[in-house]
Amino acid sequence: MEIKIAYFVTLLLYAVVISQSFVFLLTISGVTRHMRAKFYKEARQLLDKHVSESISIVYYATLLSTILLVAFTVSNPNGLLFVCSVVALVLLIADIFLTLKENIPFQQSIRGWSPARTPENWSSYRSRWITGTRVKQALNLAGFLALVSGFVFGL
C-alpha cells in the first residue's frame, strides 16, 4: 500500500513540475523571444519573484516523494516500477542541478540591469535562458513519462 501512496503522490507532484514546462512551451518562450530588453528584464524579475519560492517547494516535495518511491520499490530491483522510479529520480535531480547551476546565477546577473544599464548582448542571455529551460523541460518531461510508463506497465 505504501508503494501505491508514494506513487500517487509522486505522480501528482511531478505533474505540477511538468505543468510549468507546458506553460513555458505554450506561452512564455514565444513571448520572451520577441521582447525588448526592458520588458524582458521586468518579466523575468516578476516571474522569478513570484514563482521561485512556490516552485522550489514543489520541486523538493517531488524529490522527497520520488526518493520514497525508489526506497519502497528497491525490494524488486529488476522490476519495471523500480527502474522507472530511479530514472525519474535521476532526471529530476539533473533538472534541479541545472536550475541551481544555470538559472540562479542568471537571475542574479539580470538583477543588476536597468534601462540605462543593459548589456549590449542581452539577447544572448535570453537565448541561453530559453535553451537551458528547454533542456530542463526535456528532463522533467522524460522523468514524468518514465513514471507513467512504470504505472502503466509495472504496477
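Residues numbered from 1 in each chain as written. Predicted model: local features only at pLDDT ≥ 70, side-chain atom pairs only at ≥ 80, totals over all residues. Heavy atoms only, no water.

Novice: Whenever I open this one, the overall build of the protein chain confuses me. Can you help?
Specialist: If you tally the helices and strands in the protein chain, you get four helices and zero strands. Its helices and strands taken in sequence order, the protein chain reads α-α-α-α from the N to the C terminus. Taken along its principal axes, the extent of the C-alpha atoms in the protein chain is 60 × 20 × 20 Å. Accessible area of the protein chain: about 8,900 Å², with a carbon and sulfur share of 69%. Distance between charge centroids for the protein chain: 7 Å, based on 14 positive and 7 negative side chains. (Helix = DSSP H or I, 4+ residues; strand = E, 2+ residues; numbered from the N terminus. Areas by Shrake-Rupley, 256 points an atom, 1.4 Å probe, with all protein chains shown as cover. Lys, Arg positive; Asp, Glu negative; His and termini not counted. Charge placed at Lys NZ, Arg CZ, Asp CG, Glu CD.)

Novice: Teacher, can you tell me more about a nonpolar patch on the surface here?
Specialist: Together, Leu80, Val83, Val87, Phe151, Val152 and Phe153 line one region of the surface with nonpolar side chains, adding up to about 560 Å² of accessible area. Listed by contribution, the elements that provide at least two residues to the nonpolar patch are helix H3 (80–111) and helix H4 (122–154). Judged by its relative accessible area of 65%, phenylalanine 153 falls in the exposed class. (Patch = residues over 30% accessible without salt bridge, like charges linked within 9 Å, V, L, I, M, F, W, Y side chains within 5 Å. Salt bridge = Lys/Arg side-chain N within 4 Å of Asp/Glu carboxyl O. Buried < 20%, exposed > 50% of the residue type's maximum accessible area, 1.4 Å probe, protein only.)

Novice: Would you take a moment to explain the pattern of salt bridges for this structure?
Specialist: Opposite charge on two side chains makes pairing possible when the charged atoms of those side chains draw close. Summed over the entire model, instances satisfying the criterion amount to one salt bridge. When the shortest N-O distance is used, the salt bridge between lysine 136 and aspartate 95 registers 2.5 Å. In this pair, lysine 136 sits in helix H4 while aspartate 95 sits in helix H3, placing the two residues 41 residues apart along the sequence. Here lysine 136 matches aspartate 95 in class, with each residue buried.

Novice: Before we go on, may I ask you to explain the confidence of the model for the protein chain in this structure?
Specialist: For any part of a model where pLDDT is low, the fine detail of the predicted coordinates should not be relied upon. Residues at a pLDDT of 70 or more form 90% of the protein chain, whose mean pLDDT is 84. Here H3 is the element of the protein chain with the lowest mean pLDDT, 84, and helix H1 (residues 2–33) is the one with the highest, 86. (pLDDT = per-residue confidence, 0-100.)

Novice: For this particular structure, what's the right way to read the packing of aromatic side chains?
Specialist: Geometry of an aromatic ring pair is reported as the spacing of the ring centres plus the angle between the planes. Summed over all chains, the structure comprises two aromatic pairs. Aromatic pair tyrosine 7 and phenylalanine 151: ring centres 6.1 Å apart, planes at 80°, arrangement edge-to-face. Of this pair, tyrosine 7 sits in helix H1 while phenylalanine 151 is found in helix H4, placing the two residues 144 residues apart along the sequence. For tyrosine 7, a relative accessible area of 2% gives the class buried. Looking at phenylalanine 151, the relative accessible area reads 43%, which means it is partly exposed. An angle of 40° between the planes, with centres 6.4 Å apart, marks the rings of tyrosine 14 and phenylalanine 144 as tilted. Of this pair, tyrosine 14 sits in helix H1 while phenylalanine 144 sits in helix H4, and the two are 130 residues apart along the sequence. Like phenylalanine 144, tyrosine 14 is buried. (Phe/Tyr/Trp six-rings, centres within 6.5 Å; stacked < 30°, edge-to-face > 60°.)

Novice: What exactly am I supposed to notice about the environment of histidine 50 here?
Specialist: Structurally, histidine 50 can be placed in helix H2 (residues 37–73). Considering only alpha carbons, one finds histidine 50 and lysine 38, 12 residues apart in sequence, at a separation of 18 Å.

Novice: Which parts of the structure should I look at to understand the side chain of threonine 10?
Specialist: Structurally, the position occupied by threonine 10 is in helix H1. Accessibility expressed as a relative area gives 0% for threonine 10, which makes it buried. Of note is the side chain of threonine 10, whose polar atom sits 3.1 Å from the backbone oxygen of serine 65. For threonine 10, the contacting residues outside a window of four places in its chain are Ser65, Thr66, Leu69 and Leu147. (Polar contact = N/O pair within 3.5 Å; in protein donor to acceptor, adjacent residues only side chain to side chain. Contact = heavy atoms within 4.5 Å.)

Novice: Any chance you could explain the environment of proline 119 here in plain terms?
Specialist: Within the secondary structure layout, proline 119 lies in the loop between H3 and H4. According to the relative accessible area criterion, proline 119 is partly exposed, its value standing at 23%.

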